[in-house]
Amino acid sequence: MFESLTDKFTDVFRKMSGRGRISEQNVKDAMRDVRQALLEADVHYKVVRQFCDDVVAKALGTEVIKSLHPGQLMVKIVQDELINLMGPVDTRIYYVTPPPTVIMMAGLQGSGKTTTCGKLAHFIMRQGKHPLLVACDLQRPAAVDQLTVVADQVGVPCFRMDGEKNPVKVARQGVQQAVSMGRDVVIIDTAGRLHVDEEMMKQAADIAQAVHPHQIYLVCDSMTGQDAVNSAKEFNERLELDGVILTKFDGDARGGAAISVKAVTGKPIKFIGVGEKLENLEEFHPDRMASRILGMGDIVTLVEKAQGQFDAEQAAKMQEKMAKGQFTLTDFLAQMKQMRKLGPLKEILKLMPGMGQQVEAMQMDGDEITRMEAVINSMTVAEREDPTVIEANRRRRIAKGSGTEPEDVSGLVKSFSMAAGMMKQMAGMGTKDRMRFAQQMGQAGMAGMTPRFKVKQRSHRLTKKERDKKNKQKKKGRR
Amino acid sequence: MALFRKTIEKIASGLRKTREKFFGGLASLLRGRRLDEGLLDELEEKLIEADMGVATAMKIRDDLKAAFAEKRITQGDEVIDFLKQELKSYWPAADRSIHFAPTGPTVVLVAGINGSGKTTSIAKLAWRFKHDGKKVVLAAGDTFRAAAVEQLTIWAERIGVDIIKGSGKDPAAVVYDACEAATARKADVLLIDTAGRLHTQDHLMRELIKVRNVVAKKIPQAPHEVLLVLDATTGQNAISQAKAFTAAIDVTGIMLAKLDGTAKGGIVVAIRNEVNLPVKFIGLGEGYEDIEPFNPEEFVEALFL
């Protein structure tokens, strides 16, 4: 499994904080692990070297060694430096008067320019503006069609000149079109190009020369490796970028490119693309990002995400139920369904403070949740409301209905009642206590306490052949 | 012979920057120096800069150190030859060939994350197989991205091969039709395009598994090849991608796209180490003829030209 930076950092500082007192050597040793973690996250090696030197110097300067909580202080220094490295970020888009504000997108092939054009148009529309998309990617087959479809989905017009071979001309006409249509923002999609392709880079510069964009954004794949610095540098020199949009951030890449690109160009990351849907463009927050990297959780993002999905009234009702200990399997099922809307459970849990390391240990994969749902779905309403009525016969029926084993059913019921008890306890606490409680639980092995199956390895349903074989054995046994 | 020279030239020009950046710098770095810890550190950084990853770089560093301890190498200048040998040994000849079906269509399933270069790579593969005298049919299995089908259709027209398109949004249905059509038209090769998907998206990976299952059901022994298209600029996340796609659809090889930039594609070394996947083809440009079978000899040789 991909070792995330978060786990690495947490590990390093747990080791450190366990020691109590820290020597200069300790700081350097810890930074060696930090270095490796950053390199594995694809941060450019030169940037890593500089970063580590800075942190060590700062740590020694602030006398981390003599401080009471050296581990915590180190975390703070590393976090601050990370934020410094990625920030400051200004995610506002400055609109000009008189309109239109011209925005140009550039980047390597496959970085996600066309999709991002659509997302940005959607984002700008929500700010009350009226963008026009201009299709200047005349290189890739059907790229113009793609932008047209994307524009359609967003609900904005798309300017295209079929048969035209010169993107500079299209860009120029596109801006004129915006003026005559009364659109106040123009977003220009350009062809993907290699930064070493002299001809194509000149073309990009020509487009910029022709329409004088107010903003030029580099679209960069968050999975890019060490080469990110080379391409970003070249694009910045040729086009004088205003900002960077990192795409495909919803994967499991740690996005070290974010740090590298900022370091070599000095241009901030403005937005991140976090999904396939057109609304999946978010503002970039270096502090949240640093917290996420450091395993301190990203509770702000989590809350924002949750607010988008949860019905406040329903949530209040749930909480009340939890507090009274009336939380049933029916509610649990409903919650699981809502959680799914938020995205993969693992990703959500990673956003919770103190949960970073536990996620791996918990092994809450999608399959297991699906099977838990199946088990609950195979229960009658009465059984869901009061699982204590489930005896051997019912258990067998439920197992059969959900394609699991009777032990799975009892395992789920048992751990659910345990979890329900804990929820009741937690509901009575203040936020601070609750967080502490969650962390304690994490350390005490929360893994065993959440509702889950006892038997983990049963990830596949038996095939017909295996089922027949098993039944035969059963019959034999009875005789 | 002419074709062979063209190959060398293409890789050479594609890798020129790579060479200058990496091994060119390496030669001057090593000249006349003794192999000490300081030099090893610098070497390790060079390997990391080529996206080989920390683990792989450290492994190569250890190998170098061992060779030095055993007096197999003493001077910096010998390091390059040592690295050449070491890198070449990563890709034995056996696992680089395409596995063709004895009878009926050979099915090649192509997958990868968004923007890795799947559709262009399929065009290149189609051209290559057609060039070899095979009858090729394309399946437009990317029903998700806007205009992906149009993009592949344009390629199919340019190259002159058949393409099977579906009417709906279900890639499995398109692939089902394509399998039937390929069999009926007695095609030699069926190339299946799929929508780009992040390997962390469970439901999309399940969709891919379904596509694979449909293929396996329609044509026995198929898919004969499952190619993962990797962007050469990808960093360490490529390992994660290779693992996830292999777990889902049993990848048989890698098509390394976009090797004509400054990116080194060194990640394939790490992938060979950790997931044991061979590289089968490399992509070197935007035209359909810009494809070459991966040849480690040439690959490594070209690095040092």
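Here the structure is a predicted model, which means the values were calculated and not measured.

A.B. asks: Would you mind going over the sheet that holds strand E1 (residues 101–107) of chain A with me for this structure?
C.D. replies: Adjacent strands of a sheet form backbone hydrogen bonds with each other and so pair up, either parallel or antiparallel. All names here are of chain A. On the basis of which strands lie adjacent, the open sheet formed by eight strands has the order E3-E2-E4-E1-E5-E6-E7-E8 and mixed pairing. The strands lining the two open edges of the sheet, one partner per strand, are strand E3 (158–159) and strand E8 (281–283). Bridge count between strand E2 (residues 131–136) and strand E4 (residues 185–190): six bridges; the pairing is parallel. Within E4, the position partnered with Val-134 by the bridge is Ile-188. Seen against the sheet, helix H7 (residues 167–181) touches E1, E2, E3 and E4 and runs at an angle of roughly 165 degrees to E2.

A.B. asks: Which parts of the structure should I look at to understand the confidence of the model for chain B?
C.D. replies: Predicted coordinates in regions of low pLDDT should not be interpreted in detail. In the predicted model, chain B carries a mean pLDDT of 85, and the fraction of residues at 70 or more is 89%. Listed scores for the predicted complex are pTM 0.74 and ipTM 0.84.

A.B. asks: Looking at this structure, I do not really get the confidence of the model for chain A. What am I missing?
C.D. replies: Residues and elements named next belong to chain A. Mean pLDDT over chain A stands at 78; residues scoring 70 or higher make up 70%. When the criterion is pLDDT under 50, residues 1–6 qualifies, and its contacts beyond four places in sequence or with other chains add up to 19 contacts. Here residues 441–459 is a poorly scored stretch, pLDDT under 50, and it has 44 contacts once near neighbours within four places are set aside; other chains count.

A.B. asks: Before we go on, may I ask you to explain the sheet that holds strand E5 (residues 225–231) of chain B in this structure?
C.D. replies: All names here are of chain B. The strand order across the open sheet formed by eight strands is E3-E2-E4-E1-E5-E6-E7-E8, and the pairing between neighbours is mixed. Looking along the sheet, the strands with just one partner apiece sit at the ends: strand E3 (162–164) and strand E8 (291–293). Each neighbouring strand pair of the sheet contributes to a mean axis angle of 25 degrees, computed without reference to strand direction. Of the pairings in the sheet, the one linking E5 to strand E6 (residues 253–257) comprises five bridges and is parallel in character. Opposite Leu-228, over in E6, you have Ile-254 as the bridge partner. Where helix H6 (residues 148–159) meets the sheet, it contacts strand E2 (136–141), E3 and strand E4 (189–194), and its direction lies at approximately 170 degrees from that of E2.

A.B. asks: Help me understand helix H10 (residues 256–265) of chain A, please; the structure alone is not making it clear to me.
C.D. replies: Think of an α-helix as 3.6 residues a turn; residues three or four steps apart then line up on the same face. Residue and element names in this part refer to chain A. Counted residue by residue, H10 has eight buried out of 10 residues, so it is predominantly covered. Considered for burial, the residues of H10 that qualify are Gly-256, Ala-257, Ala-258, Ile-259, Ser-260, Val-261, Lys-262 and Thr-265. Gly-266 sits one or two residues past H10 and shows a positive phi near 75 degrees.

A.B. asks: Whenever I open this one, empty space enclosed by the protein confuses me. Can you help?
C.D. replies: Empty space among the atoms becomes apparent when a probe as large as a water molecule is rolled across them. Residues and elements named next belong to chain A. With the rule as written, the count across this model stands at four cavities of 30 Å³ or more. The volume enclosed by the largest cavity comes to roughly 120 Å³. Along the walls of the largest cavity sit 18 residues, with Leu-108, Ser-111, Cys-220, Asp-221 and Thr-224 positioned nearest its centre. For the lining of the largest cavity, the secondary structure elements donating two or more residues are strand E5 (215–221) and helix H9 (228–239). In terms of residue class, the lining of the largest cavity is made up of eight nonpolar, seven polar and three charged.

A.B. asks: Any chance you could explain the pairing of E2(A) here in plain terms?
C.D. replies: Regular strands have side chains that alternate between both faces of the sheet. Residue and element names in this part refer to chain A. Along E2, six of the six residues are buried, which leaves the element largely enclosed by surrounding structure. Burial of the side chains of E2 extends over both faces: Pro-131, Leu-133 and Ala-135 are buried on one face and Leu-132, Val-134 and Cys-136 on the other. Two strands pair when backbone bridges link them, and E2 and E3 are joined in this way by two bridges, in the parallel orientation. Following the sheet pairing, Leu-133 is matched in E3 by Cys-158. Read as a crossover between parallel neighbours, the route from E2 over helix H6 (residues 143–154) to E3 is right-handed.

A.B. asks: What exactly am I supposed to notice about the interface of chain A and chain B here?
C.D. replies: Between chain A and chain B, the residue contacts involve 39 residues of the former and 45 residues of the latter. Linking chain A with chain B are two salt bridges. When the shortest N-O distance is used, the salt bridge between Glu45(B) and Arg49(A) registers 2.4 Å. Along the contact surface separating chain A from chain B lie 11 residue pairs in polar contact (both at pLDDT 80 or more). For the side of chain A that touches chain B, the secondary-structure elements that each account for two or more residues are helix H2 (24–40), helix H3 (45–61) and H6 of chain A.

A.B. asks: I keep staring at the packing of helix H8 (residues 202–218) of chain B against helix H9 (residues 237–249) of chain B and nothing clicks. Help me out?
C.D. replies: Relative placement of two packed helices is described by the angle separating their axes and the distance separating the axes. Residue and element names in this part refer to chain B. Interhelical geometry of H8 versus H9 gives an angle of 45 degrees and a closest axis separation of 9 Å. In terms of orientation, H8 lies oblique with respect to H9. Both H8 and H9 take part in a crossing whose hand is right-handed. For the pair H8 and H9, contact is made by Met-205, Leu-208, Ile-209 and Arg-212 and by Ala-244, Phe-245, Ala-248 and Ile-249, respectively. Residues belonging to the contact of H8 with H9 are distributed by class as follows: seven nonpolar, no polar and one charged.

A.B. asks: What is the right way to look at the nonpolar core in this model?
C.D. replies: Generally speaking, soluble globular proteins have nonpolar side chains that are buried together. By size, the foremost hydrophobic cluster in this structure holds 134 residues, and its most contacted members are Phe51(A), Leu239(A), Leu190(B), Phe245(B), Ile249(B), Leu256(B) and Ile271(B). Residue contributions to this core peak at eight residues, all from H3(A). Sequence-distant contacts of Phe51(A), that is, excluding residues within four places in its chain, are made with Met31(A), Val34(A), Leu38(A), Val78(A), Glu81(A), Leu82(A) and Leu85(A).

A.B. asks: Where do I start with the pairing of strand E1 (residues 106–111) of chain B in this structure?
C.D. replies: Residues and elements named next belong to chain B. Among the six residues that make up E1, six are buried, leaving the element largely enclosed by the rest of the structure. Because side chains alternate across E1, one face comprises the buried residues Thr-106, Val-108 and Val-110, and the other comprises Val-107, Leu-109 and Ala-111, equally buried. Taken together, the four bridges between E1 and E4 define a ladder with parallel strand orientation. Across the sheet, Leu-109 pairs through a bridge with Ile-192, a residue of E4. Looking at chain direction, E1 and E5 are connected through four bridges and run parallel. The partner of Leu-109 across the bridge, within E5, is Val-226.

A.B. asks: I would appreciate a short explanation of unusual backbone geometry in the present structure.
C.D. replies: Note on backbone geometry: most residues besides glycine have negative phi, and most peptide bonds are trans. Cis geometry is adopted by the peptide bond preceding Pro98(A), which originates at Thr97(A) and carries an omega value of -5 degrees. The topology assignment puts Pro98(A) in the loop between helix H4 (70–86) and E1. Cis rather than trans, the peptide bond between Pro99(A) and Pro100(A) has omega equal to 5 degrees. Relative to the helices and strands, Pro100(A) is located in the loop between H4 and E1. At Lys71(B), a residue that is not glycine, the phi angle is positive and equals roughly 65 degrees. For Lys71(B), the location among the structural elements is in the loop between helix H3 (54–69) and helix H4 (79–88). With relative accessibility at 65%, the residue Lys71(B) sits in the exposed group. The phi dihedral of Ala147(B) falls on the positive side, at around 65 degrees, and the residue is not glycine. In this structure, Ala147(B) sits in the loop between E2 and H6.

A.B. asks: What should I look at first to understand the pattern of salt bridges in this one?
C.D. replies: A side chain with one charge can pair with a side chain of the opposite charge if their charged atoms come near. Tallied over the full model, the rule gives 30 salt bridges over all chains. Between Arg92(A) and Asp90(A) there is a salt bridge whose closest N-O contact spans 3.4 Å. Classification of Asp90(A) as partly exposed rests on a relative accessible area of 27%. For Arg72(B), the salt bridge goes to Glu70(B), with nearest N and O atoms at 3.1 Å. Comparing Arg72(B) with Glu70(B) shows no difference in burial state: the two are exposed.

Procedures and definitions
Position labels on residues start from 1 in each chain and follow its written sequence. Labels are handed out in written order, letters beginning with A for the chains and numbers beginning with 1 for the ligands. In keeping with the predicted nature of the model, local features appear solely for residues at pLDDT of at least 70, side-chain atom pairs appear and are counted solely at 80 or more, and the whole-chain, interface and lining totals rest on all residues. Processing note: side-chain calculations cover all non-hydrogen atoms of the structure and skip hydrogens and water entirely. DSSP calls a pair of strands paired once it identifies at least 2 bridges connecting them. Secondary structure is summarised from DSSP: a helix means a run of H or I of at least four residues, a strand means a run of E of at least two, and numbering begins at the N terminus for each. The contact rule is simple, with two residues in contact once any of their heavy atoms fall within 4.5 Å. Angles shown run from 0 to 180 degrees and are taken between the N-to-C directions of axes, each axis being a line fitted to C-alpha atoms and, for helices, limited to the stretch in contact. The pLDDT value expresses, per residue, how confident the predictor is, ranging between 0 and 100. Throughout this description, buried means an accessible area under 20% of the type-specific maximum (1.4 Å probe, protein chains only), exposed means over 50%, and partly exposed covers the range between. Whether a set of points on the 1 Å grid over the protein atoms alone is a cavity depends on a 1.4 Å probe fitting there but being unable to get out, while an open set qualifies as a pocket with protein on both sides within 12 Å along at least five of seven lines; lining residues are those with an atom within 4 Å of a point. Grid points are joined across faces, edges and corners, and a volume is the space filled by probe spheres set on the points. Gly is put with the polar residues, along with every residue not named as nonpolar or charged; the nonpolar set is Ala, Val, Leu, Ile, Met, Phe, Trp, Tyr, Cys and Pro, and the charged set is Asp, Glu, Lys and Arg. The handedness of a crossover follows from its direction of travel: if, with the strands pointing away from the viewer, the path from the first strand over the helix to the second runs clockwise, the crossover is right-handed. We count a salt bridge whenever a side-chain nitrogen from Lys or Arg sits within 4 Å of a carboxyl oxygen from Asp or Glu. N or O atoms closer than or at 3.5 Å make up a polar contact, with two conditions inside protein: a donor-capable atom paired with an acceptor-capable one, and, for residues adjacent in sequence, both atoms drawn from side chains. Any angle that falls under 35 degrees is termed roughly parallel, while one over 145 is termed roughly antiparallel, one within 65 to 115 roughly perpendicular, and all others oblique. By the definition used in this description, the sense in which the near helix is turned from the far one sets the handedness, with an anticlockwise turn below a right angle giving left-handed and a clockwise turn giving right-handed. We call a set of buried Ala, Val, Leu, Ile, Met, Phe, Trp, Tyr and Cys residues a nonpolar core when their side-chain atoms join them within 4.5 Å.

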